[in-house]
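Structural overview
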Amino acid sequence: MQSNAILCGDSLTVLRTLPDDFISCCITSPPYWDTRFSGFTDRLGYEEDYREYIEHLVQVFREVRRTLTPSGTLWLVIGDTYASDDELWWAMCKEVPEKELKYPPALQQGFKNKDLIGIPWRLAMELQNDGWYLRSDIIWSIPNHRPEPVRDRPVRSHDYVFLFAKSEQYAYHGCIEDSASRKTVWEIPMVTNPSINYAVFPEPLVARCMCAGSAKNEVVLDPFFGSGTVGIVATRLMRRYVGIELNPDYVTLAEKRIREMAQKEGKCGCDISKSMLYPCLNVKI
Ligand SMILES: C[S@@+](CC[C@H](N)C(=O)[O-])C[C@H]1O[C@@H](n2cnc3c(N)ncnc32)[C@H](O)[C@@H]1O
């Protein structure tokens, strides 16, 4: 691949247009499953049934596996949620405008009120069944986790980072200078960006995965690019990147963040002329 690229479109559709075996490492965080919204049933993350959400992601990551080199790895960041039909819980998420909430609140299919849904492990098992080698479950411990007004269980303060490999033997560059990355609990503060509705990747988390999963000049992929943190870290660490993002506003934001960082640090950042809007794909491999 000649250059970095940010491709605007649905990740599954765009991935199907990419060639086999050229990505060294995929680091990504898909939208978490959230059924509180109304009217978005065709969108990833808003499926009525969690099995549809998981099947959707299995298809996306099957395409990711095809684009990985035989020694490639996938680092998947994913969080869990609780089932509820309680109006207060549904309205609790302050960033959700009330008019967009599904009303009346309905329990997520297949669960009882208050059930922990277990999305990360359900997804991990399905990816394993689909052919991935599940190599590690890393707890991302979040010291500045979101507050939860609960009195009958511990407050959630972690997400998962799963390490999957395409093959039994795969590239793993242990970061000798970073002994914490060799253990399975990573304490890294969460980052928020007011311009993006989703949680943004903390750069140290991405850097740990990228150092272990790729070497200089290799290509890393994020099929849910958001504000482009994987592109920023790739540029800093002298990797190349391919990002896929559905929301054109986030593509613009990612380009801006990468360009500003590159100008500030004198790095060879995103070549904006090579950023492409799907379906005008022109990726040179
Ligand atoms: C959790 S955010 C990723 C945030 C990103 N890691 C960052 O550092 O900013 C998930 C992203 O996936 C995007 N997304 C949702 N559905 C998508 C789809 N079908 N194809 C591509 N991107 C999608 C959302 O717009 C959102 O930006």
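Keep in mind it's a predicted model, so treat the numbers as computed, not measured. (Residues numbered from 1 in each chain as written. Predicted model: local features only at pLDDT ≥ 70, side-chain atom pairs only at ≥ 80, totals over all residues.)

Details of the overall build of the protein chain
- For the protein chain, the helix and strand inventory stands at seven helices and nine strands.
- The 285 residues of the protein chain split such that 33% are buried.
- A fraction of 71% describes how many contacts in the protein chain between residues 6 or more apart in sequence connect residues 24 or more apart. (Helix = DSSP H or I, 4+ residues; strand = E, 2+ residues; numbered from the N terminus. Buried ≥ 20, exposed ≤ 12 C-beta atoms within 10 Å, placed from the backbone. Contact = placed C-beta atoms within 7 Å.)

Some words on the packing of helix α6 (residues 229-236) against helix α7 (residues 248-265)
- One way to put it is that α6 packs onto α7 with a least axis distance of 9 Å and a crossing angle of 25°. As far as their axial angle goes, α7 and α6 are roughly parallel. Crossing of α6 against α7: the hand is right-handed. Contact residues: α6 offers G231, I232 and T235, while α7 offers A254, R257, I258, M261 and A262.
- Of the residues that constitute the contact of α6 with α7, the class distribution is five nonpolar, two polar and one charged. (Axes fitted to C-alpha atoms, helices over the stretch in contact; angles between N-to-C directions. Parallel < 35°, antiparallel > 145°, perpendicular 65-115°, else oblique. Left-handed = near helix turned anticlockwise from the far one by under 90°. Nonpolar A, V, L, I, M, F, W, Y, C, P; charged D, E, K, R; others polar.)

Notes on α6
- Judged by how many residues are buried, α6 sits mostly within the fold: seven of eight residues are covered.
- Along α6, the residues that are buried comprise T229, V230, G231, I232, V233, A234 and T235.
- On its buried side, α6 packs onto β2 (23-28), α5 (203-213), β7 (219-222), β8 (240-245) and α7.
- Looking one or two residues past α6, M238 carries a phi angle of roughly 60°, positive in sign.

Some points on the packing of α5 against α6
- At their nearest, the axes of α5 and α6 sit 9 Å apart, and the two run at 60° to each other. By the angle class used here, α5 and α6 are oblique. Viewed along their axes, α5 and α6 form a crossing whose handedness is right-handed. Contacts from E203, V206, A207 and M210 of α5 reach α6 at T229, V230, I232, V233 and A234.
- Residues that form the contact of α5 with α6 fall into these classes: seven nonpolar, one polar and one charged.

Observations concerning the nonpolar core
- Counting 56 residues, the largest nonpolar core has C26, I27, V206, M210, V220 and V230 as the members making the most contacts within it.
- In this structure, M210 is in contact with C25, I27, V220, V233, A234, L237 and R239, ignoring residues within four places of it in sequence. (Core = buried A, V, L, I, M, F, W, Y, C linked by C-beta atoms within 7 Å.)

Brief notes about the pairing of strand β3 (residues 68-78)
- Burial analysis of β3 places eight of its eleven residues in the buried class, which makes it a mostly covered element.
- For β2 and β3, the ladder comprises five bridges, and the chain directions are parallel. Following the sheet pairing, C25 is matched in β3 by T73.
- Pairing analysis gives six bridges linking β3 to strand β5 (residues 158-165), with the strands arranged antiparallel. The residue bridging L76 from the neighbouring strand is F162, located in β5. (Pairing = 2+ DSSP bridges.)

Concerning the environment of G45
- Along the chain, G45 falls in the loop between β2 and α2 (50-67).
- Sequence separation of G45 and P31 is 14 residues, and the distance between their C-alpha atoms is 5.6 Å.

Structural notes on the pairing of strand β1 (residues 5-8)
- What you see with β1 is no split at all: A5 and L7 on one side and I6 and C8 on the other are buried throughout.
- Inspection of the sheet shows β1 paired to β8 by four bridges, in the parallel sense. The residue of β8 that forms the bridge with A5 is V242.

Points about α7
- Relative to the 26 Å expected for 18 residues at 1.5 Å per residue, α7 spans 26 Å between its end C-alpha atoms, a close match to the ideal helical length.
- Regarding α7, the residues found buried are Y250, V251, A254, R257 and I258. Angular distribution of buried residues about the axis of α7 spans 130°; they occupy a single face of the element. Residues of α7 that are exposed and point more than 90 degrees away from the buried face comprise P248, D249, E260, Q263 and K264.
- Turning to α7, the residues buried within the fold contact β1, α6 and β8.
- Where α7 terminates, the next one or two residues include G266, which has phi positive at roughly 65°. (Expected span 1.5 Å × (residues − 1). Arc of directions from axis to C-beta.)

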